Structure formats: structure tokens, C-alpha cells
Amino acid sequence: MKMRNLIITLLLFVCASASIMGQTRYNELTFPDLRSFDLPNVESFDLKNGIKVFLVEDNELPLINMTVLVRAGSFMESGDKVGLAGMTGTVMRTGGTETYPGDELNELLEARAASIETGFGMASGSAFMGVLKEDFDDLLPVFKDVMLNPAFPQDKIDLVKTQNRSAISRRNDNPGPIAAREFNKLIYGEGTVYARYTEYEHIDNITREDMIDFHAKAYNGANLMIAVIGDFRTRDMKRKIERTFTDIPRGTKRELDFPPVDYSFDISVNFVNKTDVNQSNIRIGHIGGRRANPDYAALQVMNQILSGGFSGRLLQEVRTNLGYAYSVGGSYISNIHYDGVFFITLSTASENTASAIEASLNEVVRLQNEPVTEEELAATKDRMLNSIVFRYDSKNKILNEQVSNTYNGLPMDAFDRYIDEVRKVTVADIQRVAREYIQPENVHILVVGNGNEIGDQLERLGEVNSIDITIPRPGQQRTEAAGDKAKGAEWLGKMASAIIPESAEINSLTIQSEIAMQTPMGAMNIRSTTVYEYPGTILQELNTPQGLINMEFRDGSGTMRMGQMSQPLPAQQADQMKRSLNQDYVNIARNRNNQTAEYLGMHEIEGKELVKIHIGPDADITFYIDPENGLPFASKVSNFNPATGGDTDTYTFYENWTLSDGVNVAYKIVNKQDGEIASTITTNSHSAE
Amino acid sequence: MKKLLSLAVGILMLAAVQNAESQSLESFEKNVTEFTLENGLTFIIIKRDVAPVVSFMTYVNVGSANEPVGQTGIAHIFEHMAFKGTSYLGTTNYEEEKPLIEAVDDAYRQWLHEKIKTNHDEEKLADLWETFQELEEKAKKYVVNNEFSTILDQEGAVGLNAFTSADATGYFYSLPSNKVELWFTLESDRFLDPVFREFYVEKDVIYEERRMRTDSSPFGRLLEEFLSVAFSAHPYKNPVIGWPSDIMATTIRETREFYERFYVPSNITIAIAGDVDPAEMKRLAELYFGRMPASEPAPILTVIEPPQRGERRFIIEEESQPIFLKGYKTVANDHADAKALQLTASILFQGRTSRLFRRMVTDEKMALAVTGINGFPGSRYPGLFIIYAFPNQGVSLDLIEATIEEEIAKIKNGEVEQHELDRVRTQVRASLVRSLANNTGLTFNFAGTHAVTGDWRNVFRDIDRLNDITLDDIQRVANTYFFKENRTVGMIRTKSEGDEVAEANQ
């Protein structure tokens, strides 16, 4: 082979007269055939208890890696314990066993530069051991112990729960993960196996017994596969594996039956507001397909045309021609066990959001409307076929492919068959599959970006649906459990009539007050004028020692102005304004017929028997009504504090009710947190229209 | 008892690892061919015939630290331009395209001159911009989009990409081994004859990269702020991607000057690993890269960061969850203390048994993660020993800081034990051994080490040098560098509701 290489090079040297010095340009080069090479032999056999074993010798380095693939995953979790599989996998390793408690295991392994790790994903689990070959015999029993006899100590369960809670609290910090998560929900439906995420409540629900059960269901012979690669002799390794793993009980083989995806094509434009970014994170798409589809190969070629390397059309147009994005891509995904997605993903400056979406979708439409040229198809196939050698460039990759085909029930030659099909794909096939499987007019569009910078661009794409990504606090659904709705409606009616006695139509309300508040800098007094323009606007002028601050909140977003400086209200503050509008007693009274109220019994505060009702779901406020006059005596609002992971309850006490312009307003309001007075608002006058 | 036993076994194993390591140096020497062309360009060929594939790495000793004032980001801009083709690649007619590219640059510079005026004339600015865009459109007509990358994709190249760091720029991909000459012809022309086409659209792409990596990422924002506070004079203070106004101000002219000064043969190291014949590689190297004219060595960076006069500290208040970051100024990687600092970092952060991980994550459950590294943002010049942590819910940044401080004090007091030092040495060795089994890893490691230290053998020798480090060295470097006046502390504190009004009244 080398000889031939040399001859060809020499020939080129002679022929390439165009280049004086003997250099050859890319288009004048011809290449020798690729050296043929022997694929390593993968030895495979079954143990008596059903464990499938795969072995490959690789003596390049004095190492041995063993991977155990487990037929179990988070798809087996119940919907109120999302995260159980992952946490079980984590604690198997961090907790260790009776013989090798986690912390001792750490010392033992790290002193030998060895590693043992365990985990579960959605459709499979795994245990891994990587060791120097000299350590293999010593550590194999340790590995087995970790796999089969996890101790699940409470301390490490607490640890994994703490870690998971922290992760939840941080899940809205970066735009990429938000986009991935919310898009998944749009495609598969929130709460389905394919689009569910661990919440605080799930963490509270998960117990040690759940972990023990999950582990027991996962680790039995019929559901295990073992793959070993490294510097060993197959015969020896075979014997060691038989000796070590044959006594694992067989159990029953689990079918990987995933629930069907319930999808009907629809169009929507969705927006998540994140005011601390200057770039929109965009996902566009709809449901995808399955690996078993006879059009799989044609769809893979189409994917390459749309988004393969630097040559894909999306990158060529959206990045290189338009300069709209650094990262852009897309694919029609065909999964083995359940339907994949078709999606385009890109990030672009806020001001280019709509144009970049249109430009991306246009590339998909083009695939449907214009046949690709023969040249482009040939180049695309070249790209796929010429890089095949990299699929087999390490023994590990060859081993992994066999293991993965076996796990997924694919034939051993699945890849070769796929390549044969790729060769046969035609220009007509590309256009056909683009038309048959892609519906660019019927996509869900999701934008995670800065509403203040994006402005109204999204409206030109369709009606915009705002997605609230506020993290649900633990037990949110359970607090104020279902009460009597009929009685609730009755008391809400009484309260509303007490606040707006003559059923006057109130469209705006102006209140002049003085606010005395406790701040970290000490007590502070502010004069304020608040104008509610129902239903969606609050204008507030605060006269502070530092000067005037004007806050304006309209239709979901707001600005704050101080002197010459004007800045958008951060999403958190805007949410707070929205909540205070929803929780405003006058607004609730005006809008009594669109509220859900639940009667939660009588409740005593400061020696007074009060009627407790909860108004929801938007307001999410509890009122304690004075049964004598129907006016609220107090209210309670729970705000989730992400820093502590718990709720902070704020109680508000209403006094000095004063009627003017047809509205009753409490002229003294005291807010208390943790029993301490946080602020007192004294109102001097109000007027309504 | 068990612990003692495992410790004893551990020491035995340590010997085994050492043995394995020295074997691999010997076996590697046999498979490595090194030569330097007359123009000063060095090649390292690593023969590894596991499969008929080859990986290439062109490692240029220029990073963002070498950028001229007012042109931060230019090293990275050039890296992007190195994918835009040559006088014969990426164009339909270079003769006609060439003057247009120059005209585009002139037009942009005129617009820029108006734009930076405090009271610029909006109308004039709009006119200048229109002229610029018209020329850009004209020039674009001759462009063949991404032809360089497309050819490589089509020939089966994988992993085509590049990086720019504070210290270096690298260009890399892999090919089937029958196509090595394709790499020689494309790669040599790429650096002999680069054409800066589509320069300004590519800058838009770079702005997007900046928005993604820095502006829209809490940790990205914290790191950028941190470096700019930590350094006074040294260019390590600048973001690799560049400050927005510098990206705006950079034109083709400066980028070409930068390229001409730094992309000289003596400043380039190339590593090739895979199924190749070293003699053939040498022949092709001379044929293709021998054409690069020898030139003046690249300018050296003379800036020395002055001693810090006191602790530096800042807080970013924003919506995202808290992050803690601190850094001490230390030394460059050729300094005698660098190895002890590297091991100190391992003792603190590497693995589940490391001191900070064990205490803060496992035992006291105060942090979601804690880690760090010596030599940030680079190690060619004296950089920082940084430590950062993501507090768990409800844990104050003060507690995080105090705990890290306590653990550092223990190192300064000499509380590190011999078995910890042995363990981290074993870990460093083992991770080297594991990295030797793939072509791409080999090219990165060998080219980088050769470029920075002058000899690829230091990949192995550096590991040996770790054996000379004692517990006293660990204690000494901790006391030498980890003190208050030498540090910068930065953090993100979550802005809570109500802060707005309270602050307005401060």
C-alpha cells in the first residue's frame, strides 16, 4: 500500500506541471485507496443467567475498561417521583456498600487512579469501571459489590437531594437549557415521559425505599450486558467474568416499551422572557420519527443537506451569508424507541430574532420546493461515505456499536445496511421525504430572549403565547387544599360587594399614600401615588429621598425611570408587579366572576373569627374576611424564595376602610413577614373612575 | 484497618503506574519523528497505525495576550478568517474580487471614522454605511461559500475546527490516511495565502459568539469582569473574544498586519498523529511548508504585571443564582513553582477525595460544585490560581468564602499529608496515560507542549518532575502566593425583590 502511495505521489509530482515547485492543488490530487485494515474481533457469549458479554482485546495501553449496560431507566419512574432513576444511580456510587462505604471507596479508587461510576439515563443505565490492568483482579469484586449491594445511606441520599434542589434553583440561569426544556414540553407534552423534569416536590416524595426498589428492578441478569476492552487475554477474561457474574439472579427481561407520543400538528409562537440576555435562543420544530422508518436513510441525507458540518444549508445561509448566528443547526431525529423531533436551533441578536427564524424556515421550505442538484446530493453522500472510516477508528467504537445494536434490537450489520441505503438515495427521495415528513407551516416556535429588546417582532410570526418558567415551589399544589367551591364563591361575592358596594364599574383607581418600610439600611419613608388602570396596568410614582422613581407596568412588562435614567424592569420585578395586580382586592372584586374561590373554614386571628377563602389560580392569595362587614381583615401570600428553597409568607392587615367614588379602600395596611412589620402604608386619599 | 491496607496497596500500585509511564515514554520515542524546516517550522510526527486515519494540529504561538492595544479579539478574528479560503479557493474570480475586498475595507474605515466621533453626522454615517454595504454586495458575488470547509467535509474530514486562547491559536481536523496530501496543500496555502473575504459578515458571526459565550451567560459575564479587575497591565485582562468596540474597530488592514507579524514559520508547530510514514511526511512538509519564507521572529510580549497593592473585590448583582470566584496571582508554567501549584490545585479540587470537594460538596453540603485551576486565563505568562464555587440553596457567599479561606490556611499551615500528594501524582500520571490513546489528543498535547516548552518530551518529563515536589514545596508556594493583597474576589449575588427601591435610597 505504501509503495502504491509513493508511486502515485511520484506520478503526481511529474504530472502536476501547473505547479512549478511540485505542489499540487486540492482539485488535482488523486488519492490512493484507503489501506484495508482488520476490524478487531469482538468475542461475545451469554452467561447462564442471561447476561450478555462482549470482549475486545486492546493492548495499546495497560488499561482495562468494563462497562455494564443496564436495561432500565428514568422511563420507569412514576410522574410524582421524576429524578428517582438518576438519584438512585448517583447514590449507588456516592453511598457505596456495607463493605466499601462511599468515602472509603473514593480513597481506594483514587489512590490507584481507578474509577467506578454508576448512573441511569432515560432509556438505559450503566456501571463503569476503568482500571490499570494490574488492579483489575482486586477491583472487580469491589465493582460487583457496588453494582449489586448498594447501601443507600441516608447521608448520601440527603446529599443527592440537596444537589438536585440546587440544580433546580439554577435551571433558569442560562438560556440554552431553558430553550431545550420548554421546547421539549411543547413537542411531547409537559409531564409525559419525554418532557418531565424534577421538581422540588418530586425530591420530597422520593424515599430510600424507592431507591432500593428501583435498583432491585434494574440490576438482574436478564437486564445486564457487560462489555470489556483493554489489555487482557480473552480466555482469562471470559473465565473471570463467568466466575464473578454468574451468580446474579436472572430476573425477567424488561421490554423497553415506551408510551406512544400523542402529537397532532399545530402551530404556535412561544416566548420566554429573560431580561439578562441580549441574544434570542430559538427552537423551531415539530414531532420527528423512528429509526425503523424505511425512509430513515433518505432523512439522514436530508439532515446532512440541511445541517451537515460547514456545508449544511442552514449554516451557509444563516451564519455565513447573513451573519445572524454563530451556532445554527437542525435535524429530523429518528429515535429507536419513541418518536424523535424535527427541530432547528439557533441563537441570534435580539434585533434579528424574527428575520433569523424566517431565514431558517425558508431553508426548509426550499428543500420541499426545489429539488437539490445532483452535485449537492453527490457531495453530501461523499461527506457521509468518505468519513465512514472514523466510525471504526478505535476498537472501542467497534465494541460500542455491537453492544448498542444488541441493546436496541438492531441487526449487527445495521450500519452497513444503512450505508447501502444512503448510496441509493435520489434527488427525488430528498424532495419526497422533505414534503412528507416536514411541515414548515405547522411548527412550534420557541424564543427565549429579552422582551425589551425583541419588541413586537414575534407578532409577525403569529399570536404570541408567553411561557411562565417560574419554578414551582414544593407543595404548591397541595397548600390550601381543595375547599368548598360553592361556599367560596358565596364569600367572594360578599367580599366583592363590600369593596365595591354599588357594583360601580371601576376602570381606574388612584391612591395617594405614605409608605414606611424597614430596609437593610434602616427605616425609610416614601410618598407614593399609585394608579391602577385595570386590568393590566400599574403606574407608580415613588418620592424617595434620592428623587422620583417612576415605575410603569403594562401588559406584562415594565420600565423604571429615575431622573434621566430609564431601564426595563427585570423579569423578576415585572412578575412581582403582575402578581400584585392579580392580588389587588379591587381587581379581584371587579373581576369576581372570573375567579375561583375555595372556602377553607373559619380561622382565628388576633382573637377574631374570620372566614378563610383562597382565590386562585392567578391571584393565589388567601383572604381572611370579617364576617360582620364582608371586608378583608387580612390576607396571606406565599412567595417562593429560591435562595432558601422554601416559602416566605407575607401577611397583610387591612384597617381604616374608607369609601369614596364607589370603592372601599383600606387606608392603613400593615405587611408582616415572620411576625415582624415589614412595611406600613398609610393612604391619604383615593379616587376612582 | 481496611484503610491502612488500601493505602499499602495504593503505594504498590503507584509503582506500577510509574513503571507503565516510563515504558510509554520509551515506546513513544520510537514512534515520534521530529524535524524543523529551514524556515524554522517544526513538525512532530507520531506514528500510530491503529486505523487508517490521521489527525493534524497546527499550533500557533499567538493568543489574545499578543494583541495590540485597541484590537482585542483580533487573534480570534483571524482564526475565523483562516476558514475563508485563498486566492484560488472560495472565489470565482480573484482578480476582480481582490480590489473589491480592499474597497470594502476602505469604505468601512471611513464609516468607522465618522461613527466614533462623539457628535457624528447621522446622515453622513448612513451614506457611508450604504456605500460600504453596496461594495460588500459586489464583493460577495465572487464568493464561493465555505469552499475550504466544504472540500474537506466532502473528502471525509471530521472534527474540522479551531480554537483561540489567551496563549495560542490551534487549527485541527482528521482525515482518512490516504488523503494526507490534501491537508498539506490546503493547510500550507491557508497560511501562505489567506484572503480576508466576507470579513464584516464574519464579524457579525463573532458578535453572536460573544453574545452566546459572554453576554448571555452569567458565568461568562463573571469571568470577563473578573479578569478585567484582576489584571492592571497584562493583556490577560482582556477577553479572548474581544471587547465589543475593539471588534467593531478592527478592519482587514489590522488583521492582515497581525497575521503577517505572528504567523511566521518559527512561531508555528505542527503535529501529525496516525497511520503515516514519517519519511513521506517530511518530504511533503518540505514541499508544501518549505515555501513559507523565514521571517523575523514574532514580537515578544514585554508587559509585566505590576505587584497588586491590595485586595480587589466586586459583586455583580443580577437575577441568576450566586457564584463565587477568587484568584491569586501566581507564575508562568516555566517557573520553578508551577509544578507545586499544579499539585496544590489537584489536592484541593481533583476528584472526590480532594479537600474542597470533600468538605464543601460531600460532608457539609454547602456547594453544588467547587473547582479551580492554576494558570488562568493562560500559563505562558504569570496567570491566576482560581477557585470557584456554586453555593447550594440557602448557603451564603460569606460561608463559601470563609470555608475556602480555612482550607487554604490549612495548606499554608502544612496540614497536607504525604498520601494526598502521592494520590494526586498518581492521578496526573494516569490521566496522561489515558490521553495517549487517541490521535487528536496526541496532537494537542504534543504540539502544545513543544510550542510552549520547546520539546514535546516534556509531556513525559513534566510528569517526572512532579516526583521532586515535596510537602514543604506545597506549603511554601501556598504561603508565597495565597495572601490577601494578591487576590481578586468576584461574585454574582442574586438580586432579590425589593432591592430596587432599597438601593435607590442608599
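Analysis parameters
- Residues numbered from 1 in each chain as written.
- Chains lettered and ligands numbered in written order.
- Predicted model: local features only at pLDDT ≥ 70, side-chain atom pairs only at ≥ 80, totals over all residues.
- Heavy atoms only, no water.
- Helix = DSSP H or I, 4+ residues; strand = E, 2+ residues; numbered from the N terminus.
- Buried < 20%, exposed > 50% of the residue type's maximum accessible area, 1.4 Å probe, protein only.
- Expected span 1.5 Å × (residues − 1).
- Arc of directions from axis to C-beta.
- Contact = heavy atoms within 4.5 Å.
- Polar contact = N/O pair within 3.5 Å; in protein donor to acceptor, adjacent residues only side chain to side chain.
- Axes fitted to C-alpha atoms, helices over the stretch in contact; angles between N-to-C directions.
- Left-handed = near helix turned anticlockwise from the far one by under 90°.
- Nonpolar A, V, L, I, M, F, W, Y, C, P; charged D, E, K, R; others polar.
- Buried area = accessible area lost by both parts, 1.4 Å probe.
- Salt bridge = Lys/Arg side-chain N within 4 Å of Asp/Glu carboxyl O.
- Domains from an automatic or database assignment.
- Pairing = 2+ DSSP bridges.

Novice: Could you give an account of unusual backbone geometry, with specific residues and numbers?
Specialist: Trans is the common state for peptide bonds, and a negative phi is the common state for residues other than glycine. In the segment running from Tyr534(A) into Pro535(A), the intervening peptide bond is cis, with an omega of 5°. Tracing the chain through its elements places Pro535(A) in the loop between β16 (522-533) and β17 (537-544). Here the amide bond leading from Phe376(B) into Pro377(B) is cis, since omega sits at 5°, within 30 degrees of zero. Here Pro377(B) is to be found in the loop between β9 (367-376) and β10 (384-391). Its identity is not glycine, yet Ser503(A) carries a phi of approximately 55°, on the positive side. Mapped onto the fold, Ser503(A) is located in the loop between α18 (485-499) and β15 (508-519). Of note in this structure, Asp661(A) is not a glycine but carries a positive phi near 50°. Note on placement: Asp661(A) falls in the loop between β25 (646-660) and β26 (663-673). Judged by relative accessible area, Asp661(A) falls into the partly exposed class, the value being 43%.

Novice: If you had to explain helix α12 (residues 353-369) of chain A to someone new, which residues and values would you point to?
Specialist: Under the 1.5 Å per step criterion, the end-to-end length of α12(A) is 24 Å for 17 residues, consistent within 8% with the ideal 24 Å. Listed in full, the buried residues belonging to α12(A) are Thr353(A), Ala354(A), Ala356(A), Ile357(A), Ala359(A), Ser360(A), Leu361(A), Glu363(A), Val364(A), Leu367(A) and Gln368(A).

Novice: Break down helix α4 (residues 122-140) of chain B for me, citing the residues and quoting the values.
Specialist: All names here are of chain B. With 19 residues, α4 extends 26 Å from end C-alpha to end C-alpha; this agrees with the ideal 27 Å at 1.5 Å per step. Where α4 is concerned, the buried positions are Leu-125, Leu-128, Phe-132, Leu-135, Glu-136 and Ala-139. Considered in projection along α4, the buried side chains sweep an arc of 105° and stay on one side of the axis. Exposed side of α4, more than 90 degrees from the buried face: Glu-122 and Glu-123 are the residues found there. Buried residues in α4 make contact with α3 (94-115) and α7 (199-215). Looking at where α4 begins, the residue whose side-chain oxygen comes 3.0 Å from the main-chain nitrogen of Glu-123 is Asp-121.

Novice: Before we move on, can you summarise the packing of helix α4 (residues 136-148) of chain A against helix α9 (residues 234-245) of chain A with the specific residues and values?
Specialist: All names here are of chain A. Following both chains from N to C, one finds α4 and α9 inclined at 35°, their axes separated by 11 Å at the closest point. Note that α4 runs across α9; the crossing there is right-handed. In this structure, α4 contributes Phe-136, Asp-137, Leu-140, Lys-144 and Met-147 to the contact, and α9 contributes Met-237, Lys-240, Thr-244 and Phe-245. Here the residues of the contact of α4 with α9 are counted per class, giving five nonpolar, one polar and three charged.

Novice: So, the interface of chain A and chain B: which residues are in play, and what are the values?
Specialist: Across the contact, 115 residues belong to chain A and 106 residues belong to chain B. Summed over the three residues of chain A that lose the most area to chain B, namely Tyr26(A), Arg170(A) and Tyr326(A), the buried surface amounts to 9% of that side. On inspection of chain A and its partner chain B, the count reaches nine salt bridges. Of the charged contacts in the structure, one is a salt bridge between Glu107(A) and Arg358(B), with a shortest N-O distance of 3.1 Å. The tally of links between chain A and chain B comes to 42 residue pairs in polar contact (both at pLDDT 80 or more). Looking at the side of chain A that touches chain B element by element, the count peaks at ten residues for helix α5 (residues 154-169) of chain A. Looking at the side of chain A that touches chain B, its residues break down into 50 nonpolar, 37 polar and 28 charged.

Novice: How would you summarise the domain arrangement of chain A if you had to cite specific residues and measurements?
Specialist: Once the domains are mapped, chain A shows domain 1 (43-176 + 188-245), domain 2 (268-466) and domain 3 (485-688). For domain 2 of chain A and domain 3 of chain A, the distance between their C-alpha centroids amounts to 48 Å.

Novice: Describe the sheet that holds strand β8 (residues 279-287) of chain A, and please don't skip the residues or the numbers.
Specialist: All names here are of chain A. If you trace the six strands from one edge of the open sheet to the other, you get β10-β12-β8-β13-β7-β14, paired in mixed fashion. The open sheet has two edge strands, β10 (325-332) and β14 (464-466), and neither has a second partner. For this sheet, the mean inter-axis angle between neighbouring strands, taken without regard to orientation, is 20°. Both β8 and strand β12 (residues 341-349) contribute to a ladder of nine bridges, which runs antiparallel. Paired with Ser-280 across the strands is Thr-348, a residue of β12. Along the sheet face, helix α11 (residues 313-321) touches β10 and β12 and points at about 155° away from the line of β10.

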